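# Per-entry structural report
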Amino acid sequence: MPGGGFSVAASRSGEEFEAKITPIVIISCVMAATGGLMFGYDVGVSGGVTSMDDFLKKFFPVVYRRKIQGDTNNYCKYDNQGLQLFTSSLYLAGLTSTFFASYTTRKLGRRLTMLIAGVFFIIGVILNTTAQDLAMLVAGRILLGCGVGFANQAVPLFLSEIAPTRIRGGLNILFQLNVTIGILFANLVNYGTSKIHPWGWRLSLGLAGIPAGLLTLGALIVKDTPNSLIERGKLDEGKKVLKMIRGTENVEPEYNEILEASRIAKEVKHPFRNLLKRRNRPQLVIAVLLQIFQQFTGINAIMFYAPVLFNTLGFKSDASLYSAVITGAVNVLSTVVSIYSVDKIGRRALLLEAGVQMFLSQVVIAILLGVKVTNHSDNLSKGYAVLVVVMICTFVSAFAWSWGPLGWLIPSETFPLETRSAGQSVTVCVNLLFTFVIAQAFLSMLCGLKYGIFLFFSSWVLVMSVFVLFFLPETKNVPIEEMTERVWKKHWFWKRYMDDVDGEEMMEVKENGNGNGNGNGKSNGYGDDSRL
């Protein structure tokens, strides 16, 4: 089978690297993916907690009074900037910390960056659980956000670099699977703790310590990736780890390829500036747009505020939390579908099918709510309530096997080594920026647009599906370092940015003084190696 994981999977001559799917690969990936578990729990727990009366009474009494009085527009009773800040502050902090995480990922390694994330998570959990006022609550969320920034930077890179090419997609989606499990776990916890008065919300926030501890423990146990070790000059250790994860002594071809890629990457003194070069534009544009599109599917609006949303639509408190548990379970199961299909069916097919499914389900939800939910309605009839939940589950399932995992997978496998850390940083940064925007604006949008909010998101789904159809190439089973030759240079639109790759790289070699005096790009690892 092809080896090589995220870094290099086939030699320049087309020779396949020898690699086995070793237990250490599986264990390392599972442990690393607990970063997704922590992220998912943080996403899921906030919506349930913000619908609990005890929590609202302590921190948001205005919202609590509006909720129990029942004379406010049903769509507007949770519209409160402070309440939205409790949710969104995590993502704003994650956005800021991403820039520091890019540095630590490159200089200290993927493993240590995951460990830093775990420490941030643990301190944030302690602050949230013991919070006495809004400032303490938000401070805890900010620290959790720092953990999210570091984890989202390091974990996808770790997974992609350690995984053999044939199962790279499936193992990378372990991160997203753990996000969905974290959301489901949070919904189940919220359902139970909502009955514990007056401190049930503290238990909900405190149990985030379980995935935080798992991530920290995992980061202490796992080995760093060969790519990271070699990139930081630890050549012998890098080769030793490569032998361990590939299950063979015959790693010289792959080792030499990683070594060469690392040498070239070090010649790039300004990775963020290099990211803006013409030859890197396809990867950058696609990575940025995928993150924006992912948030404008409307998924996080549902996942952040599922109990609040269901409560707004007329569900009673218990029913709203129960419905959130159902959508969380659908999210997990559908992500498993993606793990088994992404490397068989391909990225594009999953995204296009899901686009149709998400568009139709959101339009149906908008029609149902437009017809049946008035400003001050107390309840949906049972039949319509069930239909709304079914449609939301239809939407969630489509997202979970497409835009959820693939929004992270595709950028992580398209950037070359010299811009990989910078590219991942931009990807996470854009994702968290638009996550923050949606989290901060959703309850106000719900108040203003009412049922039309689902039409707003469905129109975005239509736009992103058209983009995928025309501009997103298929990257299934393509080794990372061969993307330029096998993907970008053959795409009807993006190939125009690849015309001058060789010449551009040779010029860089001369400018960096690494041309050995002969100006021969190929002798310096360029020219023939445009895919690096």
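Before reading further, recall that the structure is shown in the block above.
Since we're looking at a predicted model, the values are computed, not measured.

Let us look at the overall build of the protein chain. A count of helices and strands for the protein chain gives 24 helices and 0 strands. Counting all 532 residues of the protein chain, 62% fall into the buried class. Taking the intrachain contacts of the protein chain between residues at least 6 apart in sequence as the baseline, contacts between residues at least 24 apart amount to 81%. When the accessible area of the protein chain is evaluated, it comes to approximately 18,500 Å², of which 65% is carbon and sulfur surface.

This part takes up unusual backbone geometry. Of note, the amide linkage connecting histidine 197 to proline 198 takes the cis form, showing an omega dihedral of 0°. Along the chain, proline 198 falls in the loop between helix H8 (168–193) and helix H9 (200–206). You will see that lysine 450, though not glycine, has its phi angle at about 55°, which is positive. Take lysine 450: it is sitting in the loop between helix H21 (417–449) and helix H22 (452–471).

Core analysis: the biggest nonpolar cluster contains 144 residues, and Phe55, Phe121 and Trp403 have the highest contact counts within it. Apart from the residues lying within four places of it in its own chain, the contact partners of phenylalanine 121 are Met38, Asp42, Leu144, Gly147, Val148, Ala151, Ala212 and Leu215.

For the rest of this paragraph, the subject is the packing of helix H5 (residues 81–107) against helix H6 (residues 110–129). The interhelical angle for the contact between H5 and H6, taken along N-to-C directions, is 140°, at an axis separation of 7 Å. When the interaxial angle is binned, H5 and H6 end up oblique. Residues Ala101, Thr104, Thr105 and Arg106 of H5 touch H6, and the partners they reach there are Arg110, Thr113 and Ile116. Within the contact of H5 with H6, the residues separate by chemical class into 2 nonpolar, 3 polar and 2 charged.

Within the secondary structure layout, alanine 366 lies in helix H18 (residues 347–372). With relative accessibility at 3%, the residue alanine 366 sits in the buried group. Spatially, the C-alpha atoms of alanine 366 and glycine 452 are 6.2 Å apart, while their sequence positions differ by 86 residues. Apart from residues lying up to four places away in sequence, alanine 366 is in contact with Tyr451, Phe454 and Leu455.

Here the focus is the packing of H18 against helix H19 (residues 382–400). Think of two packed helices as two axes; the pair is described by the angle between the axes and how far apart they sit. Look at H18 against H19: their axes get within 8 Å of each other, and the N-to-C directions meet at 155°. Between H18 and H19, the angle is such that the two are roughly antiparallel. Seen from above, H18 lies across H19 with left-handed handedness. Between H18 and H19, the residues in contact are Ala354, Gln357, Met358, Ser361, Gln362, Val364, Ile365, Leu368, Leu369 and Lys372 and Tyr384, Leu387, Val388, Met391, Ile392, Thr394, Phe395, Ser397, Ala398 and Phe399, respectively. Along the lines of polarity and charge, the residues of the contact of H18 with H19 split into 14 nonpolar, 5 polar and 1 charged.

With that settled, the discussion passes to the state of the cysteines. The full count for this structure, using the stated rule, is 1 disulfide. Between the sulfur atoms of cysteine 76 and its disulfide mate cysteine 447 the distance is 1.9 Å. With the S-S bond torsion at 90°, the cross-link from cysteine 76 to cysteine 447 turns out right-handed. Here the residue cysteine 76 occupies a position in the loop between helix H4 (61–69) and H5, and cysteine 447 occupies one in helix H21, the gap between them amounting to 371 residues. Take cysteine 76 and cysteine 447: they sit in the same class, and that class is buried.

A few words on empty space enclosed by the protein. All told, the structure shown has 4 cavities of 30 Å³ or more when counted by the stated rule. Roughly 200 Å³ of volume is contained in the largest cavity. Around the largest cavity, the lining is made up of 17 residues, and of these Gln176, Val179, Gln294, Asn300 and Phe399 lie nearest the centre. Put simply, the parts of the chain that give the lining of the largest cavity at least two residues each are helix H2 (34–49), H8, helix H15 (281–295), helix H16 (299–312), helix H20 (403–414) and H21. Of the residues forming the lining of the largest cavity, the biggest block, 4 residues, is contributed by H8. For the lining of the largest cavity, a count of residues per class yields 8 nonpolar, 9 polar and no charged.

Applying the stated criterion across every chain yields a total of 11 salt bridges. Aspartate 54 is paired through a salt bridge with lysine 57; the nearest N and O atoms lie 3.9 Å apart. Taken together, the positions of aspartate 54 and lysine 57, both in helix H3 (residues 53–59) and 3 residues apart, correspond to about one turn of that helix. Among the residues examined, lysine 57 registers a relative accessible area of 43% and is labelled partly exposed. Of the charged contacts, one joins glutamate 161 and arginine 110 as a salt bridge, the two residues approaching to 2.6 Å between their closest N and O atoms.

Where nonpolar side chains cluster on the molecular surface, the patch consists of Leu462, Val466, Leu469, Phe470 and Trp492 and spans about 500 Å² of accessible area. Relative to the elements of secondary structure, leucine 469 occurs in helix H22.

Another point: a positive patch on the surface. A grouping of Arg278, Arg281, Lys495 and Arg496 is seen on the molecular surface, where their side chains present a positively charged patch. Take lysine 495: it is sitting in the loop between helix H23 (483–486) and helix H24 (501–511). On the accessibility criterion, lysine 495 (41% relative accessible area) is partly exposed.

For the rest of this paragraph, the subject is H20. Here H20 is 12 residues long and its end C-alpha atoms lie 16 Å apart, about the 16 Å a rise of 1.5 Å per residue gives. Judged by how many residues are buried, H20 sits mostly within the fold: 12 of 12 residues are covered. When we look at burial in H20, the residues that qualify are Trp403, Gly404, Pro405, Leu406, Gly407, Trp408, Leu409, Ile410, Pro411, Ser412, Glu413 and Thr414.

A few words now on the environment of valine 125. If you trace the backbone, valine 125 turns up in helix H6. Sequence separation between valine 125 and leucine 137 is 12 residues, and the spatial gap between their C-alpha atoms is 9.8 Å. Sequence-distant contacts of valine 125, defined by excluding residues within four places in its chain, comprise Met38, Leu144, Leu205, Gly206, Ala208 and Gly209.

Scoring rules and cut-offs
- Residues numbered from 1 in each chain as written.
- Predicted model: local features only at pLDDT ≥ 70, side-chain atom pairs only at ≥ 80, totals over all residues.
- Heavy atoms only, no water.
- Helix = DSSP H or I, 4+ residues; strand = E, 2+ residues; numbered from the N terminus.
- Buried < 20%, exposed > 50% of the residue type's maximum accessible area, 1.4 Å probe, protein only.
- Contact = heavy atoms within 4.5 Å.
- Areas by Shrake-Rupley, 256 points an atom, 1.4 Å probe, with all protein chains shown as cover.
- Core = buried A, V, L, I, M, F, W, Y, C linked by side-chain atoms within 4.5 Å.
- Axes fitted to C-alpha atoms, helices over the stretch in contact; angles between N-to-C directions.
- Parallel < 35°, antiparallel > 145°, perpendicular 65-115°, else oblique.
- Nonpolar A, V, L, I, M, F, W, Y, C, P; charged D, E, K, R; others polar.
- Left-handed = near helix turned anticlockwise from the far one by under 90°.
- Disulfide = S-S within 2.5 Å.
- 1 Å grid on protein atoms, 1.4 Å probe; cavity = no way out; pocket = protein on both sides within 12 Å on 5 of 7 lines; lining within 4 Å.
- Points joined across faces, edges and corners; volume = space filled by probe spheres on them.
- Salt bridge = Lys/Arg side-chain N within 4 Å of Asp/Glu carboxyl O.
- Patch = residues over 30% accessible without salt bridge, like charges linked within 9 Å, V, L, I, M, F, W, Y side chains within 5 Å.
- Lys, Arg positive; Asp, Glu negative; His and termini not counted.
- Charge placed at Lys NZ, Arg CZ, Asp CG, Glu CD.
- Expected span 1.5 Å × (residues − 1).

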